[in-house]
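The lines below spell out each chain.
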Amino acid sequence: MTSAQVDEGQVDKAQAGGNAGAGGEGYQRGLGARQIQMIAIGGAIGTGLFLGAGKAIDRAGPSLILAYAIAGLVIFFIMRALGELLMYRPVSGSFSEYAREFIGPFSGFVTGWTYWLFWVVTGITEVTAAALYMTYWWNIPQWLSALVFTVILYGANLISVKLFGELEFWFSMVKVTAIIGMILICAGVLTIGFSDAGDTATVSNLWNDGGFFPNGITGTLMTLQIVMFAFLAVELVGVTAGESKDPRTVLPKAINTVPWRIAVFYVGALIMILSVVPWSTFKPGVSPFVKAFEEMGFGIGAAIVNFVVLTAALSSCNSGMYSTGRMLRDLALNGQGPRAFTRLTRNGLPLVGTTFSAALMLVGVWINYQWPGEAFTYVVSFATISGMWAWIMILTSQIRYRRKADAGLLPPSSFKAPGAPFASWFALCFIGLVIVMMAIDKDTRISLYCAPLWALLLFVSYRVLPSRAKEPEKATTETR
């Protein structure tokens, strides 16, 4: 596809949206720099850190710090690859668009529907988790809280994209404030020695209890899937491209904050927690933040962290509703989904796609009411593998785009990924290692059984599509 074809295709898509606004593809550009920055920050902080880190610490000990640092470098490579593509062509639903252009129509089809499924599944698990956290304070039926949260977030996503951005801003602010507060308290314990843990708190806790690798390198490698799950949704900033007020200025700034976000919120927080409290104290299923507060004698910390985890779950579900509507509309504009999903409200919001996705999330609440327990563990592991598919497509698309740009076939990006294409190949190899570890781990192996079934369903669906839907440029013209 030439750059001229790219521009023409985007004009067609904008016209397909009707008079929905001045934004890209018919969307309104209602997300400002402040909101994009916090969406980018919040995307890297979720229940994977607040809760999942407990299991990872039990497996890897202090070496989990190294796992987060290396994985964080990989995430930075992924985000810079995405940034290069976004500056070449900032569009909403970017992952499937780039996969469609640089890999092929079928890859775009698979990427769009898989990323949509990822957020639907994530929304189901997160809203259910939020309902569970509510029982900490009140004896409210879990299904009722899940229903209320789903309806509220659905309504917020249908009012305006600006309201979505405001909710994400404040959700992210709560998470960021909590982690910074924890780091400062731990720093005080280490330097001044106050609290119940003051006498035993020391940086040497990072290597005294069995060494830095107490369970060997294998124990560290087995945590990689947990680590990568914690970073899922960091790519959400790419979905906001079509609704950012100044994407070519705001998005690079947001992406360049990835290194310090990971350094502070993951590496820094873990160094502090594991210095104050020996790693062997933490157990799976218990938030290391809650446990650290308890060990320091701050009982109120458990209630505070419960509130923070609640906001993290609601933030993830809110992001899910935002993403799913955009991905469905992108698929429909390319003839790879029902035409009803192309419709926008007067505020430039994808009403039908968001409603369809929210309805499926409600089905998930009902399933959780009927069959709570292990079933959702398997669903979460499937969310991990489907989320990593988007990363694979981003990296592969960037490698192919750079090859064409260097050859003069496409205009160069104003935000080139450093170390490309070698950095992108390294990231792809690392993701491959994570998938191998998931196959070895019996708790996550089920996701690799489900993935081929989903792939088969998509393959059959694609085969029965009309021929025009397999040629996106023609499909976008016909949807006008």
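Up top you'll find the structure we're talking about.
What you see is a predicted model; the values in this text were computed from it and never measured. (Residues numbered from 1 in each chain as written. Predicted model: local features only at pLDDT ≥ 70, side-chain atom pairs only at ≥ 80, totals over all residues. Heavy atoms only, no water.)

Peer 1: Looking at this structure, how should I read the overall build of the protein chain?
Peer 2: Summing up its helical and strand segments, the protein chain has 22 helices and 0 strands in all. Each of the 480 residues in the protein chain was classed as buried or not, and the buried ones make up 58%. Taking as baseline every contact in the protein chain between residues at least 6 positions apart, the subset at least 24 positions apart corresponds to 82%. Accessible surface for the protein chain amounts to roughly 18300 Å². Of this, 67% is attributable to carbon and sulfur atoms. (Helix = DSSP H or I, 4+ residues; strand = E, 2+ residues; numbered from the N terminus. Buried < 20%, exposed > 50% of the residue type's maximum accessible area, 1.4 Å probe, protein only. Contact = heavy atoms within 4.5 Å. Areas by Shrake-Rupley, 256 points an atom, 1.4 Å probe, with all protein chains shown as cover.)

Peer 1: Would you mind going over the packing of aromatic side chains with me for this structure?
Peer 2: Applying the stated criterion across every chain, the model contains 21 aromatic pairs. For the ring pair Phe106 and Tyr462, a centre distance of 5.0 Å and an interplane angle of 65° mean the geometry is edge-to-face. Linking Phe106 in helix 7 (residues 105-134) with Tyr462 in helix 21 (residues 445-463), this pair joins segments that are 356 residues apart in sequence. A relative accessible area of 30% means that Phe106 is categorised as partly exposed. Grouping aromatic residues by their ring pairs yields a cluster made of Phe106, Phe109, Phe459 and Tyr462. The side chain of Arg80 reaches across the aromatic face of Phe415, ending 3.9 Å from its centre. (Phe/Tyr/Trp six-rings, centres within 6.5 Å; stacked < 30°, edge-to-face > 60°. Lys NZ or Arg CZ within 6 Å of the ring centre and 35° of its normal.)

Peer 1: Can you walk me through the environment of Ser287 in this structure?
Peer 2: Here Ser287 is to be found in the loop between helix 15 (258-276) and helix 16 (288-295). On the basis of relative accessibility, which here comes to 5%, the residue Ser287 falls in the buried class. When the C-alpha positions of Ser287 and Val309 are compared, they lie 9.4 Å apart, and in sequence the two are 22 residues distant.

Peer 1: I tried to follow the nonpolar core on my own but got confused; where do I start?
Peer 2: Inside soluble globular proteins, nonpolar side chains tend to come together where they are buried. Judged by nonpolar contacts, the single largest core of 136 residues is most densely connected at Tyr68, Ile75 and Trp391. Beyond its immediate stretch of four places on either side in the chain, Trp391 contacts Ile75, Ile78, Met228, Phe231, Leu232, Val234, Glu235 and Ile431. (Core = buried A, V, L, I, M, F, W, Y, C linked by side-chain atoms within 4.5 Å.)

Peer 1: Looking at this model, I keep getting lost on a nonpolar patch on the surface. Mind explaining?
Peer 2: A surface patch of nonpolar side chains, amounting to about 580 Å² of accessible area, comprises Trp143, Leu144, Leu147, Val148, Val151, Ile152 and Leu362. The biggest single contributor to the nonpolar patch is helix 8 (residues 142-159), with 6 residues. Tracing the chain through its elements places Val151 in helix 8. Classification of Val151 by relative accessible area gives partly exposed; the value is 47%. (Patch = residues over 30% accessible without salt bridge, like charges linked within 9 Å, V, L, I, M, F, W, Y side chains within 5 Å. Salt bridge = Lys/Arg side-chain N within 4 Å of Asp/Glu carboxyl O.)

Peer 1: Please clarify how helix 20 (residues 422-440) should be interpreted in this entry.
Peer 2: Since there are 3.6 residues in each turn of an α-helix, residues three or four apart along the chain are aligned in direction. The end-to-end C-alpha distance of helix 20 is 27 Å, a good match for the 27 Å that 19 residues give at a rise of 1.5 Å each. Buried within helix 20 are the following residues: Ala423, Ser424, Ala427, Leu428, Phe430, Ile431, Val434, Met437 and Met438. (Expected span 1.5 Å × (residues − 1).)

Peer 1: Any chance you could explain the packing of helix 8 against helix 17 (residues 300-333) here in plain terms?
Peer 2: Any two packed helices are characterised by how steeply their axes cross, that is the angle between the axes, and by the distance between the axes. Packing of helix 8 against helix 17 leaves a shortest axis separation of 10 Å and a crossing angle of 50°. Comparing the axis directions of helix 8 and helix 17 gives the class oblique. The element helix 8 and its partner helix 17 pack so that their crossing is right-handed. Side by side, helix 8 and helix 17 meet where Phe149, Thr150, Leu153, Tyr154 and Asn157 of the first sit next to Leu310, Leu314, Cys317, Asn318, Met321 and Tyr322 of the second. The residue inventory of the contact of helix 8 with helix 17, partitioned by class, reads 8 nonpolar, 3 polar and no charged. (Axes fitted to C-alpha atoms, helices over the stretch in contact; angles between N-to-C directions. Parallel < 35°, antiparallel > 145°, perpendicular 65-115°, else oblique. Left-handed = near helix turned anticlockwise from the far one by under 90°. Nonpolar A, V, L, I, M, F, W, Y, C, P; charged D, E, K, R; others polar.)

Peer 1: What is the right way to look at helix 8 in this model?
Peer 2: In this model helix 8 runs 26 Å from its N-terminal to its C-terminal C-alpha over 18 residues, within 8% of the 26 Å that 1.5 Å per residue would give. Buried within helix 8 we find Ser145, Ala146, Phe149, Thr150, Leu153, Ala156 and Asn157. The buried residues of helix 8 all sit within an arc of 130° when viewed along its axis, so they share a single face. (Arc of directions from axis to C-beta.)

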